Amino acid sequence: MQFDRQQAILALLESKKSATVRELARAVFASEASVRRDLEAMEAQGYLHRVYGGAVLSQQANAITPLVLRDGEHAAQKEEVARAAADMVQDGSTLILDASSTTRRMLKHLEHRHGLRIFTNNVRALEQLANSDAEIYLTGGLYDRKNHALVGPAAERFLQTVTADMLFFSSQGLSESGEISDVSAIDNSLRRVMLSRAKQKIFLCDSSKVGLRRDFVLCTRHEVDCILCDQKLPWE
């Protein structure tokens, strides 16, 4: 029975590449507790990689993890970094925000700021800043459903027409030498435009990303003005 359930979980992950515990439990008609035990056993055998709230296939561990799974990973660290980032923002600032899970956590801490102008590819910004007086501009572009983000050439063209006081962005890896990288070429392409349009560039990095190298290099620590992290960085 357990073997059959695990086979069904693998089949679903092979189809969807990633899934939440709730999705898997519904699909295999089991409790979430049983599915978590299965995931733990299957991870030990190298079949998959567990993330907060779900799993991805092991061969997908270096692929793009959907926001619904990324958002819960290392939540306390991300919250600490996001709060520190929001504290840097002054009333009347013009910001560019990417659609990363850490940057998204900034939004609730910006509600009390006044006169902000925000350019973002994060579709959820509209909902999360609904109670603020911020002027919000979405980039337009191709809608990435998994990450609730707008990407692609149209988004890049829009951002090329604006300037901002500050850019807040994140990525999937920060090597010990300070190389910032990601698993997504299309996200990196948009972030490069963001970097070129902001006076001050702030990289948000929870400690789980330190020491990691991903497939696509975005920039180095020397190309940003500030790195906010919940731990001391290797070169400090």
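Shown above is the structure to which this text applies.
Quick notes on the rules
- Residues numbered from 1 in each chain as written.
- Predicted model: local features only at pLDDT ≥ 70, side-chain atom pairs only at ≥ 80, totals over all residues.
- Heavy atoms only, no water.
- Pairing = 2+ DSSP bridges.
- Helix = DSSP H or I, 4+ residues; strand = E, 2+ residues; numbered from the N terminus.
- Axes fitted to C-alpha atoms, helices over the stretch in contact; angles between N-to-C directions.
- Contact = heavy atoms within 4.5 Å.
- Buried < 20%, exposed > 50% of the residue type's maximum accessible area, 1.4 Å probe, protein only.
- Salt bridge = Lys/Arg side-chain N within 4 Å of Asp/Glu carboxyl O.

Student: Explain the sheet that holds strand β2 (residues 48-51) to me, and be specific about the residues and the numbers.
Tutor: The sheet built from three strands is open, its strands ordered β1-β3-β2 with antiparallel pairing. Across the chains shown, the open sheet's two edge strands, defined by having one partner strand only, are β1 (18-20) and β2. Between one strand axis and the next, the sheet turns by 20° as a mean value, whatever way the strands run. As defined by bridge partners, β2 adjoins strand β3 (residues 54-57) across four bridges and the pair is classed as antiparallel. Each residue of the ladder has a partner; that of L48, found in β3, is L57. Lying over the sheet, helix α2 (residues 21-28) contacts β1 and β3, oriented at roughly 90° with respect to β1.

Student: Give me the environment of G46: which residues, what numbers.
Tutor: Position of G46 among the secondary structure elements: in the loop between α3 (32-44) and β2. The exposure class of G46 is partly exposed, given its relative accessible area of 40%. Through-space distance from the C-alpha of G46 to that of G211 is 22 Å; in sequence the pair is 165 residues apart.

Student: Quick rundown of the pattern of salt bridges? Include the residues and the values.
Tutor: Enumeration over the complete set of coordinates arrives at 13 salt bridges. R83 serves as the salt-bridge partner of E79, at 3.5 Å between the closest nitrogen and oxygen. You can see E79 and its partner R83 sitting in helix α5 (residues 75-87), four residues apart, about one turn around the helix. Owing to a relative accessible area of 40%, R83 belongs among the partly exposed residues under this scheme. Of the charged contacts in the structure, one is a salt bridge between K108 and E79, with a shortest N-O distance of 3.3 Å. Residue K108 is located in the loop between α6 (101-106) and β5 (117-120), and its partner E79 is located in helix α5; the two are separated by 29 residues in the primary sequence.

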